[in-house]
Each structure stands twice: as C-alpha cells, then as structure tokens.
Amino acid sequence: MGKMIDLTASDGHKLSAYRAEPVGTSAGKPRGGIVVIQEIFGVNNHIKAVTDGFAADGYLAIAPSMFDRVEKNVDLGYSPDDIAKGREIRGKVTNDMAVKDAEAAIKAAASAGKVGIVGYCWGGLVTWLSAGKTAGLVCAVPYYGGGILDNAELAPKVPLMGHFGEKDAHIAADGVRNLAKKYSQHQIFIYGADHGFNCDQRGSYNALAAKQARERTLGFFRQHVG
C-alpha cells in the first residue's frame with residue numbers, strides 16, 4: 001500500500017521513510033498525519049503493516065528509517081540474532097539524532113494537517129523525547145518505551161497516552177505507576193502483558209492488550225489529530 005520516500009533532517013542527514021496514503025476518508029481528505037517510530041528492528045514488514053493500519057483509518061502515516069544514520073535498509077526479524085543486531089545499531093543512534101529524524105517525518109506528515117506520533121519499544125522512547133522537545137505535534141503515544149523512566153523529568157509538551165505491560169522485565173511497572181502519578185494530566189495505561197505486546201510477530205504478543213491499546217490510541221488520535 002505504501003512506498004518509500006526520502007526525508008531530510010535539520011542537520012542535513014538524508015533518510016528514507018515508509019509512507020502510506022490515507023484511505024477511506026470522505027472526499028479523500030486525510031484526517032491528519034501520524035508518524036510511526038520503529039522498534040529496534042528497522043522499518044520491517046511489521047512496522048509497515050502498523051503504518052498501513054493507520055493509513056486505513058484515514059491518516060497519512062509515515063515511518064522514518066531511524067537506523068539510516070548507522071546502516072541503510074535495516075529490516076530485521078525477532079530472533080535472538082536479530083535482537084542483538086538491532087541493539088547494536090540502536091546503541092549508535094543518539095537521542096539527539098533520533099529526535100531530529102522524527103522531526104523530519106513530523107514535518108513531512110504535516111502536509112495532511114495536524115500530526116500525532118506513535119512509537120513502539122525504542123520508538124516509544126523516541127516518541128516520549130519528541131513529545132518533550134519537538135514542535136509540530138498535537139499528541140504522542142509511546143508504547144513500552146525503554147528509557148522513558150530515565151527521561152521522566154522531560155515533561156511532554158502535548159497530550160500523551162502511554163501503553164505499558166505489567167510483566168515487562170525491561171520497564172518496572174512501579175516506575176510506570178510513579179510516572180502516571182507525576183503526569184496525572186496524561187493517560188498512562190498498564191496491561192497484563194509483556195514487553196512488545198503489540199507485535200503479532202513476537203512471542204510476547206497479547207491480542208487482547210494490543211486491541212485495547214489500539215482502540216484507545218485511535219480514539220486519542222481522533223480527538224487530537226482529527
């Protein structure tokens with residue numbers, strides 16, 4: 001459904017991105033734009049499917065290739081070797097680089113109207129950082145972003161909805177509860193699920209939690225993006 005496009009970050013770095021056109025809206029006018037931030041596995045077929053899903057709900061959806069600064073065309077699966085490779089690349093991408101690349105996608109998505117951002121795993125952290133640092137967003141939805149608790153002092157500048165798993169060994173549920181108390185004006189949900197529960201290609205997939213989180217996310221985007 002989508003196609004690869006090129007983006008340019010504010011520091012001149014050129015990166016590719018997967019862009020899915022909105023479908024199903026009246027008169028073909030998009031509801032707005034959604035930026036989708038990848039896990040540590042690149043813009044793989046799962047992230048493309050998620051991006052297509054938001055396009056099917058009427059949004060212009062763009063998933064930037066966040067690893068392009070280190071290695072182009074990263075497309076990993078979920079085996080232990082893939083996880084090790086993804087972590088290695090992720091370790092070379094600074095938060096500053098990641099926010100710049102997210103910002104490039106936000107600017108591109110703005111052609112459709114208001115822009116929201118959603119990210120999974122490492123992308124959840126990038127989403128949190130973007131919510132606190134970048135202009136051009138109206139809302140943000142991080143899913144189980146490792147590192148969010150380490151950046152809890154960075155207050156989101158836009159309405160935020162977070163999705164976390166109670167059984168996530170990477171992110172302490174008590175820490176998430178403290179985060180929810182600290183930012184009580186935002187919506188933080190904890191599901192009886194593990195890290196990565198939204199990804200149907202991972203062993204930790206939880207269909208019920210994924211469905212509930214997606215419905216909440218779409219409602220949130222309807223409210224803030226359009």
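In what follows, the structure referred to is the one given above.
The shown structure was predicted, so the numbers you read here are calculated from the model rather than taken from an experiment. (Residues numbered from 1 in each chain as written. Predicted model: local features only at pLDDT ≥ 70, side-chain atom pairs only at ≥ 80, totals over all residues. Heavy atoms only, no water.)

A. Looking closely at the pattern of salt bridges. Overall, the coordinates contain 14 salt bridges when judged by the stated rule. For the salt bridge of K92 with E88, the shortest nitrogen-to-oxygen distance reads 3.6 Å. Accessibility expressed as a relative area gives 48% for E88, which makes it partly exposed. D174 is the salt-bridge partner of R177, the closest N and O atoms lying 3.2 Å from each other. Placement of both R177 and D174 in helix 5 (residues 173–182) is noted, with a separation of three residues, approximately one turn of the helix. (Salt bridge = Lys/Arg side-chain N within 4 Å of Asp/Glu carboxyl O. Buried < 20%, exposed > 50% of the residue type's maximum accessible area, 1.4 Å probe, protein only. Helix = DSSP H or I, 4+ residues; strand = E, 2+ residues; numbered from the N terminus.)

B. Focus on the layout of surface pockets. As a volume, the largest pocket reaches approximately 430 Å³. Lining the largest pocket are 22 residues, with R87, C121, H170, H195 and R202 sitting closest to its centre. Listed by contribution, the elements that provide at least two residues to the lining of the largest pocket are helix 2 (80–90) and helix 4 (122–133). Looking at side-chain class alone, the lining of the largest pocket contains ten nonpolar, seven polar and five charged residues. Considering only enclosed or pocket space, the second largest pocket measures out at about 260 Å³ in volume. Every element with two or more residues in the lining of the second largest pocket is listed here: helix 1 (45–56) and helix 6 (207–224). In terms of residue count, the dominant contributor to the lining of the second largest pocket is helix 1 (five residues). Partitioning the lining of the second largest pocket into residue classes produces seven nonpolar, five polar and three charged. (1 Å grid on protein atoms, 1.4 Å probe; cavity = no way out; pocket = protein on both sides within 12 Å on 5 of 7 lines; lining within 4 Å. Points joined across faces, edges and corners; volume = space filled by probe spheres on them. Nonpolar A, V, L, I, M, F, W, Y, C, P; charged D, E, K, R; others polar.)

C. Broad picture of the packing of aromatic side chains. What the rule picks out here adds up to ten aromatic pairs. Their ring planes at 65° and their centres at 5.7 Å tell us that W128 and Y183 sit as a pair that is edge-to-face. Of this pair, W128 sits in helix 4 while Y183 sits in the loop between helix 5 and strand 8 (187–191), and the two are 55 residues apart along the sequence. Among the residues examined, Y183 registers a relative accessible area of 7% and is labelled buried. Through successive ring pairs, a cluster of aromatic residues spans Y120, Y143, Y144, Y191 and F197. The lysine or arginine in question, R216, covers the ring of F189, its NZ or CZ lying 3.8 Å from the ring centre. (Phe/Tyr/Trp six-rings, centres within 6.5 Å; stacked < 30°, edge-to-face > 60°. Lys NZ or Arg CZ within 6 Å of the ring centre and 35° of its normal.)

D. Structural view of the pairing of strand 8. Two strands pair when backbone bridges link them, and strand 7 (residues 161–165) and strand 8 are joined in this way by five bridges, in the parallel orientation. If you follow G165 over to strand 8, its bridge partner there is Y191. Once the chain exits strand 7 it traverses helix 5 before rejoining the sheet at strand 8, and the crossover so formed is right-handed. (Pairing = 2+ DSSP bridges. Right-handed = clockwise from strand over helix to strand, strands pointing away.)

E. Fine view of unusual backbone geometry. Its identity is not glycine, yet N73 carries a phi of approximately 55°, on the positive side. Topologically, N73 is positioned in the loop between strand 4 (60–64) and helix 2. Backbone geometry at Y144 places phi at a positive 30°, although glycine is not the residue there. Structurally, the position occupied by Y144 is in the loop between strand 6 (139–143) and strand 7.

Honestly, that's just the spatial picture; any functional story needs more than this.
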